[in-house]
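# Survey of secondary and tertiary structure
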Amino acid sequence: MSSGQHTLIFDNGVTDIADLVIGADGARSCIRSLVSSAMPQYCGVTIVEIQFIFVDDRHPEIAKLNQIRVYITLRAPENWIVESGIAFDQPEQARKDLLRLFADWDNSLLNFIHFCDANFIPRPLYTLPTNHRWETHPGVILLGDAAHLMSPFAGEGVNLAMLDATKLALAITNADDLKQAIHNYEQKIFPRAAKAAEESSSNLDLFISTGNAGKIAAEFFKKLMESGPPKDTEI
């Protein structure tokens with residue numbers, strides 16, 4: 001609408017008019033296309049998520065509240081989930097297929113596959129451009145993965161989403177001019193997200209590298225622990 005408002009049409013036929021549409025609808029955001037033509041691109045890495053629900057019989061009341069998740073991570077073509085021939089819809093067969101795939105790995109690592117719960121979830125990883133930006137669009141804003149989808153190798157996705165939401169709420173609450181408030185919010189999230197996305201991309205290349213990736217990753221975490229907590233405490 002010319003005023004910057006948007007008409008929302010829901011699946012149940014209900015319609016409404018909104019002054020601000022917030023695209024917090026994740027990696028495959030429908031709202032993103034209103035402000036940006038960027039599309040998620042496969043980053044060359046696929047993970048298979050496995051988990052251990054009941055890990056301590058001595059403390060079942062605690063075990064019910066906790067899960068251990070493990071991510072089998074590998075470089076693979078985008079269509080690897082289909083072309084690999086692994087029967088992900090048949091958990092016990094998938095277990096055998098994965099054990100064959102990693103047959104030359106140490107048994108201590110293969111035990112993750114041997115003893116995990118019978119549920120294998122393949123997840124190809126997608127990212128938006130590292131420096132994803134867009135022009136301010138009246139009545140529309142993005143946050144979280146809709147705005148800055150990245151791989152999990154910086155561990156910042158959820159942190160950024162929560163910070164985005166907080167900053168946006170404050171910007172709207174204190175706004176005299178909604179369009180200007182949206183613009184100001186965007187100018188703050190762009191460099192913050194770009195920094196995390198660059199770190200994520202760099203870490204992915206580091207951890208999933210050719211050669212002795214395990215040793216490289218171990219040295220990375222050693223240095224990280226020695227350096228202490230990050231200095232950036234923005235809230």
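Reading guide: rules and limits
- Residues numbered from 1 in each chain as written.
- Predicted model: local features only at pLDDT ≥ 70, side-chain atom pairs only at ≥ 80, totals over all residues.
- Heavy atoms only, no water.
- Helix = DSSP H or I, 4+ residues; strand = E, 2+ residues; numbered from the N terminus.
- Buried < 20%, exposed > 50% of the residue type's maximum accessible area, 1.4 Å probe, protein only.
- Contact = heavy atoms within 4.5 Å.
- Areas by Shrake-Rupley, 256 points an atom, 1.4 Å probe, with all protein chains shown as cover.
- Lys, Arg positive; Asp, Glu negative; His and termini not counted.
- Charge placed at Lys NZ, Arg CZ, Asp CG, Glu CD.
- Axes fitted to C-alpha atoms, helices over the stretch in contact; angles between N-to-C directions.
- Parallel < 35°, antiparallel > 145°, perpendicular 65-115°, else oblique.
- Left-handed = near helix turned anticlockwise from the far one by under 90°.

### Observations regarding the overall build of the protein
Along the protein, the regular secondary structure elements total 8 helices and 7 strands. In terms of principal-axis extent, the alpha carbons of the protein reach across some 65 × 50 × 40 Å. Scored against the burial criterion, the 235 residues of the protein give a buried share of 35%. Partitioning the intrachain contacts of the protein with sequence separation of at least 6 by distance along the chain shows that 63% fall at a separation of at least 24. Of the roughly 14,600 Å² that the protein leaves accessible, carbon and sulfur atoms contribute 56%. Placing the 20 positive and 30 negative side-chain charges of the protein at their respective mean positions leaves the two points 5 Å apart.

### A word on the packing of helix H6 (residues 157-173) against helix H7 (residues 178-207)
Where H6 meets H7, the axes come as close as 9 Å, and the angle between the chain directions of the two elements is 160 degrees. Regarding the angle of H6 to H7, the classification is roughly antiparallel. For the pair H6 and H7, the sense of crossing is right-handed. In this structure, H6 contributes Leu160, Leu163, Asp164, Lys167, Leu168, Ala171 and Ile172 to the contact, and H7 contributes Leu178, Ala181, Tyr185, Ile189, Arg192, Ala193 and Ala196.

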